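This is what each chain is made of:
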Amino acid sequence: QYFQQRRIAYCGLEGPAFGSYFTFTQVLHIDGEKTLIPERNRRNYSIMLQICRSKKVNQMLNGCSLTQAKLYHGTLESALQSTDQKFDFFFLDWLGHLCPMYARELTLAQEHLNPEGMIVATLNKTRLSEERFQRQMQTTSTQETFMSDWASRHSLILNDLRYEGGDRIKTPMGIYVLYGRR
C-alpha cells in the first residue's frame, strides 16, 4: 500500500532465480524500464541474462517484465556510481553482516532514492556476524544501533523486523525498512 498503484523504479540485489523480484511483482507495479539489478558473480549474471530473455518467465510477472530491466555485471556500489537514475524502492538483500562496502552502498542508495522512496535491507544477526561487523567497522556498536543511527542522520524512519531465515538451519536475520516522512 505504500506505493499504491503507481509504477515504481526498482533497484535490488537478486539471486540468480529472481525470487525477491517475483515476490515483489505480486504486490508492486515495478517499471521494467526503470529497474536496475546488479550482480557481481559472473556465472550468476549469465544465468540471470538467460532468465530475463525468457518469454515464459516474463508472462508471469504481472506486467513487470524483466526483459526491459538493466542487469549490471558488478557491485551495487559500482552500478550506482555509473547512473544518475533515482529509484523508488531498493532491496538490499545482503544476508551477511554489515561491512564497509555495504555501508557505502547504503549511502549511495539513499543518494539515489526518490523523496517518497523506501530502502529495505537484510542482515544476518548471528553472534558471529555481529563480531565480524564490529571488527570490520572498528566499533563496539551493534548492527541494529548502526542502522538506527544511520537512519537518524539521513532523516529516515526505520522499522526493523526480526525473523529466522533458512530452510534447515534457522538463522536470525534482521530486515530494516527505511523511508522518508510522508
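This is a predicted model, so every value here is computed, not measured.

Draft legend 1. Representation of the pairing of strand E4 (residues 87-93). A large share of E4 lies buried, amounting to six of its seven residues. Pairing of strand E1 (residues 7-12) with E4, which is carried by three bridges, proceeds in the parallel orientation. Paired with Gly-12 across the bridge in E4 is Phe-91. The pairing of E4 with strand E5 (residues 113-124) spans six bridges and is parallel. Across the sheet, Phe-91 pairs through a bridge with Val-120, a residue of E5. Note that the unit made of E4, helix H5 (residues 100-111) and E5 has a crossover that is right-handed.

Draft legend 2. Layout of the confidence of the model for the protein chain. Mean pLDDT for the protein chain: 91, with 94% of residues reaching 70 or above. The spread of mean pLDDT over the elements of the protein chain runs between helix H3 (residues 55-59), the lowest at 70, and helix H4 (residues 76-81), the highest at 98.

Draft legend 3. Quick look at the side chain of Glu-39. In this structure, Glu-39 sits in strand E2 (residues 29-39). Here Glu-39 occupies a buried position and makes no salt bridge, while the nearest side chain of opposite charge, Arg-40, is found at 5.9 Å. Separated by 3.0 Å, the side chain of Glu-39 and the backbone nitrogen of Asn-41 make a polar contact. Apart from residues lying up to four places away in sequence, Glu-39 is in contact with Glu-14, Asn-44, Tyr-45, Met-48, Tyr-72, His-73 and Gly-74.

Draft legend 4. Structural context of the side chain of Ser-129. Of note, Ser-129 is situated in helix H6 (residues 127-137). Side chain to side chain, Ser-129 and Thr-126 meet in a polar contact 3.1 Å long. Setting aside residues up to four positions removed in sequence, Ser-129 forms contacts with His-97, Asn-124 and Gln-143.

Draft legend 5. The sheet that holds E4, seen in detail. Read from one edge of the open sheet, seven strands run E3-E2-E1-E4-E5-E7-E6, paired in mixed fashion. Here the strands that pair on one side only, and so sit at the sheet edges, are strand E3 (70-73) and strand E6 (157-165). Recorded for the sheet is a direction-independent mean angle of 15 degrees between the axes of neighbouring strands. Inspection of the sheet shows E5 paired to strand E7 (residues 171-179) by seven bridges, in the antiparallel sense. Residue pairing across strands places Leu-123 opposite Gly-174, the latter belonging to E7. Strands E4, E5 and E7 of the sheet are contacted by H5, whose axis makes an angle of about 160 degrees with E5.

Rules used throughout
- Residues numbered from 1 in each chain as written.
- Predicted model: local features only at pLDDT ≥ 70, side-chain atom pairs only at ≥ 80, totals over all residues.
- Heavy atoms only, no water.
- Buried < 20%, exposed > 50% of the residue type's maximum accessible area, 1.4 Å probe, protein only.
- Helix = DSSP H or I, 4+ residues; strand = E, 2+ residues; numbered from the N terminus.
- Pairing = 2+ DSSP bridges.
- Right-handed = clockwise from strand over helix to strand, strands pointing away.
- pLDDT = per-residue confidence, 0-100.
- Lys, Arg positive; Asp, Glu negative; His and termini not counted.
- Salt bridge = Lys/Arg side-chain N within 4 Å of Asp/Glu carboxyl O.
- Polar contact = N/O pair within 3.5 Å; in protein donor to acceptor, adjacent residues only side chain to side chain.
- Contact = heavy atoms within 4.5 Å.
- Axes fitted to C-alpha atoms, helices over the stretch in contact; angles between N-to-C directions.

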